[in-house]
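Below, each chain spelled out in residue letters.
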Amino acid sequence: LRYDGVTGASLGTFVQDGRLAGFVAFTFGHDGRLYASMFNGSPQCILRYDGQTGAFMDQFACAANSASAFSGLAFGADGRLYASRYHLGEVWQFDGNSGQLLGALHCPGDTRADYLAFGPDGRLYVSNLDRNNLSRFDVQTGQCLGTFLTGAPINVSKGFVFRSEAPAP
């Protein structure tokens, strides 16, 4: 669905595709196209849609098997698409143009990688449903930087955002 960003008025259905069942993530790429993760289905793929019309374009990238669903998606400043593999506890890195798999990120103990986002520090944060935490990565080195928590543990996180504080008047 899409909405007017100023008024909140409904602008109707943008993408309708039966392959997008379950916990789906969407993100716009640097190319203006919409990318969507498949959580159910075989094979597991990241689908690409026209960013203006919502028309299906192609399967941007697919896993060799359906042992794990794609969940979260985020493009990095490096132009790569980062996609969490839920049942593997990993984040796969794809070339943002070709869809070629470039590698995987993993923190020890993570088995349910879900939604992800880049923080204001440029690090990649990944929610983990089995451990109820956020793991973080330095994507330049591929290094797991451990768990990121403040206060109580996160309880079954299904997404998160970073908010910049407004400067004081």
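Before any of the text, the structure's been laid out above.
Residues numbered from 1 in each chain as written. Predicted model: local features only at pLDDT ≥ 70, side-chain atom pairs only at ≥ 80, totals over all residues. Heavy atoms only, no water.

Caption draft 1: Layout of the overall build of the protein chain. The secondary structure content of the protein chain amounts to 0 helices and 12 strands. Each helix and strand of the protein chain, placed in order from N terminus to C terminus, yields the pattern β-β-β-β-β-β-β-β-β-β-β-β. In terms of overall dimensions, the protein chain is globule-like: its C-alpha atoms have a radius of gyration of 16 Å, near the 15 Å expected for 169 residues. Within the protein chain, buried positions represent 40% of all 169 residues. Intrachain contacts of the protein chain at a sequence separation of at least 6 include 37% that bridge at least 24 residues. (Helix = DSSP H or I, 4+ residues; strand = E, 2+ residues; numbered from the N terminus. Rg over C-alpha atoms; globule rule 2.2 N^0.38 Å. Buried < 20%, exposed > 50% of the residue type's maximum accessible area, 1.4 Å probe, protein only. Contact = heavy atoms within 4.5 Å.)

Caption draft 2: The arrangement of the pairing of strand β7 (residues 90-94) in detail. With 4 of 5 residues buried, β7 lies mostly within the body of the structure. Bridge count for strand β6 (residues 81-85) against β7 is 5 bridges, and the pairing is antiparallel. Bridged to Leu81 within β7 is Phe94. Hairpin connection of β6 to β7: 4 residues between the antiparallel strands, including Gly89 at a positive phi of 70°. In this structure, β7 lies alongside strand β8 (residues 101-106), joined through 5 bridges in antiparallel fashion. Looking across to β8, one finds that Glu90 is bridged to His106. The hairpin formed by β7 and β8 contains 6 residues between the paired strands, and Gly99 there has a positive phi angle of roughly 80°. (Pairing = 2+ DSSP bridges.)

Caption draft 3: Looking closely at empty space enclosed by the protein. Counting across every chain of the model gives 1 cavity of 30 Å³ or more. Of the pockets and cavities examined, the largest cavity occupies roughly 30 Å³. If you go around the largest cavity, the residues you meet are Gly89, Glu90, Val91, Leu105, His106, Asp110, Ala113, Val126, Asn128 and Phe137. At the level of elements, β7, β8 and β10 (124-128) are the ones that each hand at least two residues to the lining of the largest cavity. Of the residues in the lining of the largest cavity, the class split is 5 nonpolar, 3 polar and 2 charged. (1 Å grid on protein atoms, 1.4 Å probe; cavity = no way out; pocket = protein on both sides within 12 Å on 5 of 7 lines; lining within 4 Å. Points joined across faces, edges and corners; volume = space filled by probe spheres on them. Nonpolar A, V, L, I, M, F, W, Y, C, P; charged D, E, K, R; others polar.)

Caption draft 4: Highlighting the side chain of Ser37. Within the secondary structure, Ser37 sits in strand β2 (residues 34-37). At 3.0 Å, the side chain of Ser37 and the backbone nitrogen of Ala25 are in polar contact. At 2.7 Å, the side chain of Ser37 and the backbone oxygen of Ser71 are in polar contact. (Polar contact = N/O pair within 3.5 Å; in protein donor to acceptor, adjacent residues only side chain to side chain.)

Caption draft 5: Spotlight on the sheet that holds strand β5 (residues 70-75). Pairing within the open sheet is antiparallel, and its 4 strands lie in the order β5-β6-β7-β8. The open sheet has two free edges, formed respectively by β5 and β8, since each of these has just one partner strand. Recorded for the sheet is a direction-independent mean angle of 25° between the axes of neighbouring strands. (Axes fitted to C-alpha atoms, helices over the stretch in contact; angles between N-to-C directions.)

Caption draft 6: Quick look at the nonpolar core. Residues Tyr35, Ile46, Phe60, Phe70, Leu73, Leu81 and Phe94 are the most contacted members of the largest nonpolar core, which totals 14 residues. Elements that contribute at least two residues to this core include exactly β4 (56-62), β5, β6 and β7. Sorting elements by how many residues they give to this core places β5 first, with 3 residues. By size, the runner-up hydrophobic cluster in this structure holds 11 residues, among which are Cys107, Ala113, Leu124 and Phe137. (Core = buried A, V, L, I, M, F, W, Y, C linked by side-chain atoms within 4.5 Å.)

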